[in-house]
There are 2 protein chains.
Amino acid sequence: MSFQIPRGTQDILPEQAAKWQYIERIARELCRRYNYQEIRTPIFEHTELFLRGVGDTTDIVQKEMYTFEDRGGRSLTLRPEGTAAVVRSFVENKMYGYPNQPVKLYYMGPMFRYERPQAGRFRQFVQFGVEALGSNDPAIDAEVIALAMDIYRSLGLKKLKLVINSLGDVESRKAHRQALIDHFQPRIHEFCDDCQARLHKNPMRILDCKKDRDHELMRTAPSILDYLNEQSRTYFEKVQMYLQKLGIAFEVDPRLVRGLDYYNHTAFEIMSEAEGFGAITTLCGGGRYNGLVQEIGGPETPGIGFALSIERLLAALEAEGISLPISEGIDCYVVALGEQAKEEAVALVAALRQEGIAAEKDYQDRKVKAQLKAADRLHAAYVAILGEDELQKGVINVKHMATGEQQEVSLDIFVSHMKNVLQ
Amino acid sequence: MSFQIPRGTQDILPEQAAKWQYIERIARELCRRYNYQEIRTPIFEHTELFLRGVGDTTDIVQKEMYTFEDRGGRSLTLRPEGTAAVVRSFVENKMYGYPNQPVKLYYMGPMFRYERPQAGRFRQFVQFGVEALGSNDPAIDAEVIALAMDIYRSLGLKKLKLVINSLGDVESRKAHRQALIDHFQPRIHEFCDDCQARLHKNPMRILDCKKDRDHELMRTAPSILDYLNEQSRTYFEKVQMYLQKLGIAFEVDPRLVRGLDYYNHTAFEIMSEAEGFGAITTLCGGGRYNGLVQEIGGPETPGIGFALSIERLLAALEAEGISLPISEGIDCYVVALGEQAKEEAVALVAALRQEGIAAEKDYQDRKVKAQLKAADRLHAAYVAILGEDELQKGVINVKHMATGEQQEVSLDIFVSHMKNVLQ
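Keep in mind that what you see is a predicted model, and the values were worked out from it rather than measured.

**Student:** Mind showing me how you'd approach the sheet that holds strand β11 (residues 303-309) of chain B here?
**Tutor:** Within a sheet, each strand pairs with its neighbour through backbone hydrogen bonds, oriented either parallel or antiparallel. Residues and elements named next belong to chain B. The sheet built from 8 strands is open, its strands ordered β1-β5-β6-β11-β10-β9-β7-β8 with mixed pairing. Taken across any chain shown, the strands that pair with only one partner, and hence form the sheet edges, are β1 (37-38) and β8 (251-252). Where strand β5 (residues 103-112) and strand β6 (residues 124-133) come together, 10 bridges link them in antiparallel fashion. Paired with Met108 across the two strands is Phe128, which belongs to β6.

Structure (structure tokens):
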């Protein structure tokens, strides 16, 4: 009998895991600099949270959720995205009352969507995201965008495109919504079933439709930018002014929309422009959601955030031919000959490790030659050979693999010697 | 409408998350020294894997799994523990063919068991664990135990008890099994239903029963140690010899058992002896499982590992009154007065962050006094004040909060000045 990994999921094996760790370290370090702190919410939530927080007209909720009942009959869902749960926690833990406002949070972890698996798309994927809750300052919109760009750039990505848009405030969206209905209504029968259903529920999402993207009414559809009221226009201008101040290049694309009512003002996406990156070029999406906290049962609170997929980030790195500076190799491999030396080697390796040295030995009862090969495969910087002769003389033979230099070292000072040469 | 976190799960809020990060860093650093590499497997697996790999007579499988069907009708289960999936990945990725043997892996992540929530017990909890696959050397048993102890000790825990036992090889277990049946059979009707069911399926698990622990037959039950054959005894002695060589104190407890057939030889647990730690004192459990890889469809491969819960580790730290050395506080808070200074502050904060400095500013349109308070709450090491006067003079006022020392610095060199003073 053999067992396989579930379809659409992947094992991250050691070599790959080192890349993940590197990316996570960079993301955490940038969050430290930007003063965002980590929050960890559960892998599953009550299903209602996503119906409300993601929106029950979205594809995610309608087709892609892993929903199940627990043994107590409660409907739970594996989280398909991160924002709803962070906002749930914000409300449940009354973070709107924290003296430090805005509350700046980040999260990192697996999300789950039952989609058709394809290149770069998994049913379990990892998102890193941030949420800044409690501020209505356009400077925080710019900060959130800058943080996302900084993560990509710190990893060496260059072929990036930042696209921004404004969805305006409630009043502006309402005006635009009516204009969209008026625009599409006369010929809505030429559109797909989904779009027909969207016309009155959520006409903005028609602009996002992949099936009808080439319909002529799409090109001529009213632009949200023409419906922004004074306040919304000023807000958007300030966001752009800050981005310029931060030296971040961007394009304004009025077709960049978000379907849900509580999204407003700033929306943005970061795309990879690397050649051969594939059809799905979006690496990161974010925006302002001033209505969401209230939707989840909290007081009126502005919010903005983004989420990015680590899998796509890795794909973008590959497309740009970037290899991350991951240190391979252990510091010291202790080769032992003979029963007594073998036992002694256990203690030596342990003593090295106590001093912060990455050390290894043989556990396969291998001959010296095979042990040396193993040391080589582990890219050991040093190999220390302990034979029976050495053991009797109280010494060990230390070889620097890069230079071939060899040195006999007293066992008493072996660990401190290794500490010195490795510094 | 308000939304709550699912029962038995918890949000890890920023202050707590910093502790988790610290523990994870320590665990990763020790894995680096011990040459264990990370593997990440999915959150869910095909249910059959756990039926086989955890054992369909266990409480976990019978009562505690989160099992559900996906939209394709496959039975999936949120992983209740880590070993089965790591072994599944080992087999599926043919790691038994890797030139470096043993394959030394670690994992860290959420596990799920539907249990009655109680103090220190969650339905979603995080395990850190290691598996060393491919070696039958007692030295690797000692290494695995040493690594677990090292994690606890590196975090400052002192009140620990290490208990070890041997379950012997297949032959030894078989002899012991028969002795147990002979011992309990005559009075098995005095035991609980579970134990009666265990008598022929898995008599060793009777020794583990919490309900019948005080029955007199428990005290007089045959000890596995009396049934170890020559080879098993030698193996166990060597493990003990290595532990002594490593200076690791331990007790041998023949009642420490594992129910499943493919567990053999070394079994161990690490307990907290801190006062007031509560009823569940086990922090970490591990052992050898030479039959498991074959059970999951791979070639005969020895293996040993352990798993520890981060939640219990945190509880043990608290019980011993240990506070982790977590650095709080940002490096620099930029206070701005006036519209122009406010805009300039956005660029200054960004420039500081580019140089690795944790910097923050106000996003709430607060007055100077409130901004200073915010800086204080964020434990800023330095506060830099930019008013309209300063802006015109091209300077900024930098205050070291610990000493109260103040200095006017040219805006041109502000970032490099901050880099210097923060070093």
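**Student:** When you look at the packing of aromatic side chains in this model, what are you seeing that I'm missing?
**Tutor:** Scanning the entire structure with this criterion turns up 23 aromatic pairs over all chains. Ring centres of A:Phe44 and A:Phe68 lie 6.3 Å apart, and the angle between their planes is 90°; on these two criteria the pair is classed as edge-to-face. With A:Phe44 in strand β2 (residues 44-46) and A:Phe68 in strand β3 (residues 66-69), this pair connects stretches of sequence that are 24 residues apart. For the residue pair A:Phe44 and A:Phe68, the accessibility class agrees, reading buried in each case. Ring centres 6.1 Å apart and planes at 50° place the aromatic pair A:Phe128 and A:Phe306 in the tilted group. Of the two residues, A:Phe128 sits in strand β6 (residues 124-133) while A:Phe306 sits in strand β11 (residues 303-309), which places them 178 residues apart along the sequence. Since its relative accessible area comes to 2%, A:Phe306 is described here as buried. Put simply, the rings of A:Phe44, A:Tyr66, A:Phe68, A:Phe112, A:Tyr114, B:Phe44, B:Tyr66, B:Phe68, B:Phe112 and B:Tyr114 pair up and form one aromatic cluster. One Lys or Arg, A:Arg123, reaches over the ring of A:Tyr114 and ends 3.9 Å from the middle of that ring.

**Student:** I would appreciate a short explanation of helix α4 (residues 83-92) of chain A in the present structure.
**Tutor:** Helical geometry: 3.6 residues make up each α-helical turn, so side chains three or four residues apart lie on a common side. Residue and element names in this part refer to chain A. With 9 of 10 residues buried, α4 is to be regarded as a mostly interior element. Buried within α4 are the following residues: Thr83, Ala84, Ala85, Val86, Val87, Arg88, Ser89, Phe90 and Val91. Contact partners of the buried residues in α4: β2, α2 (47-55), β5 (103-112), β6 and α10 (292-295). Lys94 lies just past α4 and shows a positive phi near 50°.

**Student:** Quick question: what am I supposed to make of the UniProt feature "binding site: L-histidine" (unreviewed entry) in chain A here?
**Tutor:** Residues and elements named next belong to chain A. Here the UniProt-annotated "binding site: L-histidine" (unreviewed entry) positions come out as Glu81, Gly82, Thr83, Arg113, Gln127, Glu131, Arg258, Tyr262 and Tyr263. Structurally, Gly82 is set in the loop between β4 (75-78) and α4. According to the relative accessible area criterion, Gly82 is buried, its value standing at 4%. Apart from the residues within four sequence positions on either side, Gly82 is in contact with Tyr107, Met111 and Gln127. Looking at the element boundaries, Arg258 is found in the loop between β8 (251-252) and β9 (264-272).

**Student:** Mind showing me how you'd approach the interface of chain A and chain B here?
**Tutor:** Size of an interface, as often reported, equals the accessible area lost when the parts are brought together. Tallying the contact residues gives 105 residues for chain A and 105 residues for chain B. For the pairing of chain A and chain B, the buried interface totals around 8,700 Å² over both sides, and the portion due to carbon and sulfur atoms is 54%. Across the chain A-chain B interface, the total number found is 14 salt bridges. The shortest N-O distance in the salt bridge between B:Glu344 and A:Lys245 comes to 3.6 Å. At the boundary of chain A and chain B, one finds 55 residue pairs in polar contact (both at pLDDT 80 or more). The leading source of residues in the side of chain A that touches chain B is helix α1 (residues 14-34) of chain A, at 10 residues. Split by residue class, the side of chain A that touches chain B holds 46 nonpolar, 22 polar and 37 charged.

Conventions adopted
Residues numbered from 1 in each chain as written. Chains lettered and ligands numbered in written order. Predicted model: local features only at pLDDT ≥ 70, side-chain atom pairs only at ≥ 80, totals over all residues. Heavy atoms only, no water. Pairing = 2+ DSSP bridges. Helix = DSSP H or I, 4+ residues; strand = E, 2+ residues; numbered from the N terminus. Phe/Tyr/Trp six-rings, centres within 6.5 Å; stacked < 30°, edge-to-face > 60°. Buried < 20%, exposed > 50% of the residue type's maximum accessible area, 1.4 Å probe, protein only. Lys NZ or Arg CZ within 6 Å of the ring centre and 35° of its normal. Contact = heavy atoms within 4.5 Å. UniProt positions renumbered as here; feature names shortened; annotations may be inferred. Buried area = accessible area lost by both parts, 1.4 Å probe. Salt bridge = Lys/Arg side-chain N within 4 Å of Asp/Glu carboxyl O. Polar contact = N/O pair within 3.5 Å; in protein donor to acceptor, adjacent residues only side chain to side chain. Nonpolar A, V, L, I, M, F, W, Y, C, P; charged D, E, K, R; others polar.

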